[in-house]
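Chain by chain, the residues:
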Amino acid sequence: MKKIVNCLISVYYKTDLDKIVALLKQNEVQIYATGGTFDFVKKIDDSVKSIESLTGYPSILGGRVKTLHPKVFGGILGRMDNPNDINEMQHYEIPPFDLVIVDLYPFEETVKNTVVESEIIEKIDIGGISLIRAGAKNFKDVLIVPSSKYYGEFIDIYQQQNGCTSLEDRQRFAKYAFATSSYYDGMIYDWFSRNCDDKALNVHIEKHQQLRYGENPHQKAAFYGDLNEVFDKLHGKDLSYNNLLDLDAGINLINEFDEPTFAILKHNNPCGIASRPTVYEAYQDALSGDPVSAFGGVFVCNSPIDVKTAEAINKMFFEVIVAPDYEEKALGFLFSKVNRIVLKLKSSKFPSKLMKSSLNGILLQDRDLHVESQEDFKAVTVKTIDDKNDIEDIIFANKIVKHSRSNAIVLAKNKQLLASGIGQTSRVDSLKQAIDKAKSFNFDLKNAVMASDAFFPFSDCISLAYKEGINVVIQPGGSIRDKESIDFCNEHDIAMVFTGYRHFKH
């Protein structure tokens with residue numbers, strides 16, 4: 001255990017600093033502080049000393065240089081078990097610091113709020129980051145508090161241990177320090193390389209939480225990020241790894257729709273989805289798409305959940321529901337199961353890049369944000385799609401197939417998913433799967449539409465769809481055999497459009 005005798009404080013934000021200063025004063029700790037921090041501390045502890053009184057130099061260059069001095073860094077880096085260090089510190093009258101408290105210039109916040117380069121540059125902290133690294137390096141003798149986010153933890157150990165810190169405490173806070181400096185430097189690097197295609201991959205996410213397990217119970221897992229930015233958890237058990245995968249898939253899917261839409265997901269794929277004038281109707285038709293797979297699924301809606309819908313939903317067993325809001329009485333139904341997870345969606349702004357581990361590295365790509373509209377459709381058959389309902393259905397189906405695992409085929413009618421064939425090694429097998437599934441739930445495929453996430457390499461899928469009464473097709477096009485599919489459509493009075501955009505999802 002090591003008693004805190006001397007402390008150096010240099011912080012940007014002063015929130016909650018008064019609590020620490022009051023405790024240090026109570027324990028007769030000598031505080032040294034910089035600039036505005038000195039003015040703040042002096043109102044609480046008039047025995048505080050300015051950093052200038054230690055160094056003999058004023059803050060210069062508009063505040064750019066305040067703490068970069070041997071008397072400051074000698075006091076932080078001096079090894080108290082090294083006689084030579086102690087002799088030199090005594091010779092140069094350098095006080096040893098037992099505690100260093102830093103809160104860095106808000107670089108990340110500044111980048112979010114302005115594009116003025118001079119303002120951003122001035123928020124690159126030099127002295128503060130150096131204090132953090134020095135304190136962390138000499139953790140045997142110094143406890144470094146690298147950010148205001150750790151004030152609470154420091155106060156707890158300081159009070160519990162009567163003004164002392166243990167080696168374990170100091171080492172733990174050193175870890176916090178390097179996490180803080182790594183994240184901070186990463187943000188600066190990202191800003192300097194914002195227009196570069198050849199920049200190094202720099203992943204820096206501070207917040208994380210351990211998950212119960214990964215995809216399977218024998219796999220350890222954690223989530224890195226801040227889920228509180230995405231939704232508020234209103235009820236239920238902790239989210240699992242698989243829940244988070246389904247939520248990611250479901251929220252990205254539901255974002256594609258403007259009118260009330262309800263989706264039910266299982267293993268990252270929509271097994272039921274419908275758009276309707278009311279949420280209740282959307283839920284009923286989403287459920288009827290596959291009431292078997294809906295059991296234990298994840299429910300996602302882009303509109304507030306009313307009482308009538310909640311009462312109907314409550315009859316099903318499901319893991320998670322997420323929606324932008326809920327009527328108060330609706331929550332009474334949804335909270336009736338102890339483990340059921342109820343989430344209120346706050347934000348669906350996700351990173352524009354997607355990362356995935358591969359072999360001994362990481363794959364990085366742009367998120368697939370392209371949404372095809374009627375203007376993107378290229379009519380390639382004699383018969384054109386003129387009916388308003390058909391146009392709405394192919395737009396609807398194409399959004400769903402974009403968010404389904406390849407090879408993917410979607411069959412839809414009246415803005416309802418009738419069935420999909422997903423994850424098959426051949427496109428024709430995906431279509432067969434979709435047809436069989438639709439028939440198993442007694443859907444009539446006559447006048448339904450078919451969407452494919454990639455081109456048809458042969459006309460076999462078109463032929464099979466035609467036999468089931470499907471007469472409208474949307475696909476990317478691009479096969480060297482496109483003419484075979486087009487010719488079949490023309491011979492059998494089928495309308496087909498190309499979008500020019502493939503939507504593989506693996």
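Please refer to the structure placed before this passage.
Just so it is clear, the structure is predicted and the values come from calculations on it, not from any experiment.

S.K.: Can you tell me about the overall build of the protein, naming the residues and giving the values?
M.R.: Broken down by element type, the protein carries 18 helices and 23 strands. Dimensions of the protein, computed from C-alpha atoms along their principal axes, come out at roughly 100 × 50 × 40 Å. For the protein, the proportion of its 506 residues judged to be buried stands at 48%. Working note: accessible area of the protein is about 25,300 Å², and carbon and sulfur atoms make up 51% of it. A gap of 3 Å separates the mean positions of the 59 positive and 69 negative side-chain charges of the protein.

S.K.: For the packing of aromatic side chains, give the residues involved together with the corresponding values.
M.R.: In total, this model carries 17 aromatic pairs according to the counting rule given. Between Tyr12 and Tyr13, the ring centres sit 4.9 Å apart and the planes meet at 90°, which makes this aromatic pair edge-to-face. A relative accessible area of 30% means that Tyr12 is categorised as partly exposed. Judged by its relative accessible area of 33%, Tyr13 falls in the partly exposed class.

S.K.: Let's hear about unusual backbone geometry: which residues, and what values?
M.R.: Put simply, Ser406 and Asn407 share a cis peptide bond, and its omega is -10°. The topology assignment puts Asn407 in the loop between helix 15 (388-402) and strand 19 (409-413). With a phi close to 50°, His267 is a non-glycine residue in the positive phi region. Topologically, His267 is positioned in the loop between strand 11 (261-266) and strand 12 (269-275). Judged by its relative accessible area of 65%, His267 is exposed. A positive phi angle, close to 60°, is found at Asn442, a residue other than glycine. Tracing the backbone shows Asn442 in the loop between helix 16 (427-440) and strand 21 (449-452).

S.K.: An account of the sheet that holds strand 5 (residues 99-103) is needed here, citing residue identities and associated values.
M.R.: The strand order across the open sheet formed by five strands is 4-3-2-5-6, and the pairing between neighbours is parallel. Edge positions in the open sheet fall to strand 4 (49-50) and strand 6 (143-145), since each of these has one partner strand only. Here helix 9 (residues 151-160) sits on the sheet and contacts strand 2 (6-11), strand 5 and strand 6; the angle it forms with strand 6, its principal contact strand, is near 145°.

S.K.: Before we move on, could you go through the pattern of salt bridges and cite the residues and values that matter?
M.R.: Enumeration according to the criterion identifies 23 salt bridges in this entry. Where Lys19 meets Asp16, a salt bridge forms, and the shortest distance between an N and an O atom there is 3.5 Å. Judged by its relative accessible area of 37%, Asp16 is partly exposed. A salt bridge links Glu122 to Arg64, with the nearest nitrogen and oxygen atoms 2.4 Å apart. A residue pair is termed long-range when its members are at least 10 positions apart, and Glu122 in helix 7 (residues 117-122) and Arg64 in the loop between helix 3 (51-55) and helix 4 (70-77) qualify at 58 residues. Through salt bridges with shared partners, one network takes in Glu259, Lys388, Glu392 and Lys415.

S.K.: Run through helix 8 (residues 127-137), naming residues and quoting values.
M.R.: Burial analysis of helix 8 places eight of its 11 residues in the buried class, which makes it a mostly covered element. What helix 8 keeps buried is the set Gly127, Gly128, Ile129, Leu131, Ile132, Ala134, Gly135 and Ala136. Looking at the buried residues of helix 8, the elements they touch are strand 2, helix 4, strand 5, strand 6 and helix 10 (167-192).

S.K.: I'd like a rundown of the environment of Val292, residues and numbers included.
M.R.: Inspection of the secondary structure puts Val292 in the loop between helix 12 (279-289) and strand 13 (297-301). You can call Val292 exposed: its relative accessible area is 58%.

S.K.: I'd love a proper account of helix 15, names of residues and values included.
M.R.: With 15 residues, helix 15 ought to run about 21 Å at 1.5 Å a step, and its terminal C-alpha atoms sit 22 Å apart, in line with that. For helix 15, the full list of buried residues reads Ile391, Asp393, Ile394, Phe396, Ala397, Asn398, Lys399, Ile400, Val401 and Lys402. With a side-chain oxygen lying 2.9 Å from the backbone nitrogen of Asn389, the N-terminal cap of helix 15 falls on Asp387.

S.K.: Break down the pairing of strand 22 (residues 472-475) for me, with residues and values.
M.R.: Neither face of strand 22 is open: one carries Val472 and Ile474, the other Val473 and Gln475, and all of them are buried. Where strand 21 and strand 22 come together, three bridges link them in parallel fashion. Looking at the pairing, Met450 lines up with Val473 of strand 22. Read as a crossover between parallel neighbours, the route from strand 21 over helix 17 (residues 460-467) to strand 22 is right-handed. In the sheet, strand 22 pairs with strand 23 (residues 495-498) via four bridges, with the strands oriented parallel. Across the sheet, residue Ile474 finds its bridge partner in strand 23, namely Val497. Traced from strand 22 through helix 18 (residues 482-491) to strand 23, the parallel crossover comes out right-handed.

S.K.: Talk me through the nonpolar core; I want residue IDs and the actual numbers.
M.R.: If you look at soluble globular proteins, the nonpolar side chains tend to sit buried side by side. In this structure, Leu239, Leu247, Ile273, Leu343, Ile394 and Val410 are the most contacted members of the largest nonpolar core, which totals 41 residues. Setting aside residues up to four positions removed in sequence, Leu247 forms contacts with Phe231, Leu239, Val298, Val320, Val322 and Leu343. Counting residues in each nonpolar core, the second largest holds 28 residues, with Ala174, Ala177, Met187 and Ile188 among its members.

S.K.: Account for the side chain of Thr67, naming residues and giving values.
M.R.: With respect to the element layout, Thr67 can be found in the loop between helix 3 and helix 4. If sequence neighbours within four positions are ignored, Thr67 has contacts with Thr34, Val72, Phe73, Gly127 and Leu131.

The rules we used
Residues numbered from 1 in each chain as written. Predicted model: local features only at pLDDT ≥ 70, side-chain atom pairs only at ≥ 80, totals over all residues. Heavy atoms only, no water. Helix = DSSP H or I, 4+ residues; strand = E, 2+ residues; numbered from the N terminus. Buried < 20%, exposed > 50% of the residue type's maximum accessible area, 1.4 Å probe, protein only. Areas by Shrake-Rupley, 256 points an atom, 1.4 Å probe, with all protein chains shown as cover. Lys, Arg positive; Asp, Glu negative; His and termini not counted. Charge placed at Lys NZ, Arg CZ, Asp CG, Glu CD. Phe/Tyr/Trp six-rings, centres within 6.5 Å; stacked < 30°, edge-to-face > 60°. Pairing = 2+ DSSP bridges. Contact = heavy atoms within 4.5 Å. Axes fitted to C-alpha atoms, helices over the stretch in contact; angles between N-to-C directions. Salt bridge = Lys/Arg side-chain N within 4 Å of Asp/Glu carboxyl O. Expected span 1.5 Å × (residues − 1). Polar contact = N/O pair within 3.5 Å; in protein donor to acceptor, adjacent residues only side chain to side chain. Right-handed = clockwise from strand over helix to strand, strands pointing away. Core = buried A, V, L, I, M, F, W, Y, C linked by side-chain atoms within 4.5 Å.

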